[in-house]
Amino acid sequence: MQNINQQVTNQLSNLKLSGIRDALLQQYKQPNLYIEQSFEERLSLLLEHEITQRDQRKIDRLTRQAKFRVGGTLAQLNYGTARQLDKTQIRSLAQGEWLRLHQNILITGSTGCGKTYLACALGQNHCQQGSSVYYFRLKELLEKMFLAQADGSYRKLINKLSSASLLILDDWGLEPLTAQQRSDLLELIDARYDTKSTLIASQLPIANWYEMIGESTHADAILDRLVHGAIKLELKGESMRKKLNSLTDADHSS
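Rules used in this analysis
Residues numbered from 1 in each chain as written. Predicted model: local features only at pLDDT ≥ 70, side-chain atom pairs only at ≥ 80, totals over all residues. Heavy atoms only, no water. Domains from an automatic or database assignment. Contact = heavy atoms within 4.5 Å. Buried area = accessible area lost by both parts, 1.4 Å probe. Salt bridge = Lys/Arg side-chain N within 4 Å of Asp/Glu carboxyl O. Nonpolar A, V, L, I, M, F, W, Y, C, P; charged D, E, K, R; others polar. Pairing = 2+ DSSP bridges. Helix = DSSP H or I, 4+ residues; strand = E, 2+ residues; numbered from the N terminus. Axes fitted to C-alpha atoms, helices over the stretch in contact; angles between N-to-C directions. Buried < 20%, exposed > 50% of the residue type's maximum accessible area, 1.4 Å probe, protein only. Polar contact = N/O pair within 3.5 Å; in protein donor to acceptor, adjacent residues only side chain to side chain. Right-handed = clockwise from strand over helix to strand, strands pointing away. Expected span 1.5 Å × (residues − 1). Patch = residues over 30% accessible without salt bridge, like charges linked within 9 Å, V, L, I, M, F, W, Y side chains within 5 Å. Areas by Shrake-Rupley, 256 points an atom, 1.4 Å probe, with all protein chains shown as cover.

## Section: the domain arrangement of the protein
Assigned domains within the protein: domain 1 (1-65) and domain 2 (67-240). Once you take the C-alpha centre of each, domain 1 and domain 2 turn out to be 40 Å apart. Each side of the interface is counted separately: domain 1 has 6 residues, and domain 2 has 10 residues. Across the domain 1 to domain 2 interface the summed buried area is about 710 Å²; carbon plus sulfur atoms make up 51%. The interface formed by domain 1 and domain 2 includes 0 salt bridges. Classifying every residue of the side of domain 1 that touches domain 2 gives 2 nonpolar, 2 polar and 2 charged.

## A closer look at the sheet that holds strand S2 (residues 133-137)
Backbone hydrogen bonds are what pair the strands of a sheet, in a parallel or an antiparallel way. Sheet architecture is open: 5 strands sit in the order S2-S3-S4-S1-S5, paired in parallel fashion. Of all strands in the sheet, those with a lone pairing partner are S2 and strand S5 (231-234), marking the two edges. Adjacent strand axes in the sheet meet at a mean angle of 10° when their direction is disregarded. Sheet strands in contact with helix H9 (residues 179-192) are strand S3 (166-170) and strand S4 (197-202), and its direction is about 150° off that of S3.

## Let's talk about the pattern of salt bridges
Scanning the model with the defined rule gives 9 salt bridges in all. In this structure, Asp170 engages Arg69 in a salt bridge whose closest nitrogen and oxygen atoms are separated by 3.4 Å. In this pair, Asp170 sits in strand S3 while Arg69 sits in the loop between helix H3 (39-66) and helix H4 (87-94), placing the two residues 101 residues apart along the sequence. Judged by relative accessible area, which is 1%, Asp170 ranks as buried. A relative accessible area of 41% means that Arg69 is categorised as partly exposed.

## Digging into the side chain of Thr116
Tracing the chain through its elements places Thr116 in helix H6 (residues 115-128). A distance of 2.5 Å separates the side chain of Thr116 from the side chain of Asp170, its partner in a polar contact. Discounting residues that sit within four places of it in the chain, Thr116 has contacts with Arg69, Val70, Tyr135 and Asp170.

## Here we look at the pairing of S4
With 6 of 6 residues buried, S4 is to be regarded as a mostly interior element. Neither face of S4 is open: one carries Ser197, Leu199 and Ala201, the other Thr198, Ile200 and Ser202, and all of them are buried. In the sheet, strand S1 (residues 105-108) pairs with S4 via 4 bridges, with the strands oriented parallel. Bridge assignment links Thr108 to a residue of S4, and that residue is Ser202. Relative to S4, S3 runs parallel, the two sharing 4 bridges. When the bridges of S4 are listed, Leu169 appears paired with Ile200. Following the chain from S3 across H9 to the adjacent parallel S4, one finds a crossover that is right-handed.

## Examining helix H11 (residues 216-227)
With 12 residues, H11 extends 15 Å from end C-alpha to end C-alpha; this agrees with the ideal 16 Å at 1.5 Å per step. Taken together, the buried positions of H11 are Ala219, Ala221, Ile222, Leu223, Leu226 and Val227. Among the structural elements, S1, H9, S4, helix H10 (209-213) and S5 are those in contact with the buried residues of H11. Downstream of H11 by a residue or two, Gly229 has a phi angle that is positive, lying close to 75°.

## A look at a nonpolar patch on the surface
Nonpolar side chains collect at one region of the surface, where Phe39, Leu43 and Leu47 lie side by side and expose about 300 Å² of accessible area between them. Here Phe39 shows up in helix H3. Take Phe39: its relative accessible area is 61%, and that puts it in the exposed class.

What follows is the structure, encoded as structure tokens:
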């Protein structure tokens with residue numbers, strides 16, 4: 001029996017059916033648990049284990065690919081009254097209908113109020129649902145696009161970014177854009193317009209984005225594609241980082 005078992009497990013490994021292999025080994029180790037089950041029932045358990053393992057591998061791959069800045073989860077969001085964060089709205093966003101409708105989300109608020117955490121938590125949530133996500137700080141992305149222009153990989157980068165279900169652009173508006181940056185950003189936003197969703201996190205109020213982008217033609221085009229029909233979340237309250245630091249300082253002094 002052991003020889004047959006080894007042969008089968010090797011075959012399953014060669015076929016990259018590690019979920020079935022692991023579940024089959026478990027059935028061999030605890031035969032009494034499965035003795036009353038039919039062949040079809042045992043086979044169904046093996047297939048279910050394979051599907052579960054494949055789903056988890058996909059989630060892990062999507063999460064690594066996204067390169068989130070923080071490991072945020074929606075379950076750990078702070079819904080303190082001062083933040084004016086609507087739990088019902090977040091629960092609705094978690095279901096992902098806005099992604100299916102190709103809507104954008106614009107998160108604004110002062111420094112440290114949790115914009116990045118919320119953005120990454122939403123992104124992580126949609127990775128769990130099987131959606132492809134990329135996270136970038138805006139300055140980092142624009143530098144990446146500039147280098148891609150130089151080494152000939154620009155079109156490949158645009159195609160890659162435009163195909164993701166969700167693109168998260170953090171630290172939007174920290175500094176004015178150059179002419180080249182405006183052009184690159186418009187091409188990317190236009191490539192995703194009405195087919196994919198973009199999430200912007202910015203400490204700059206939306207009313208000031210026009211000035212940050214500069215040059216009216218590009219600003220009009222970019223904002224029209226981003227803001228029209230977007231879901232707007234304005235976070236309030238004191239800096240979460242300052243609050244955390246004050247708690248840490250209090251712990252050290254006690």
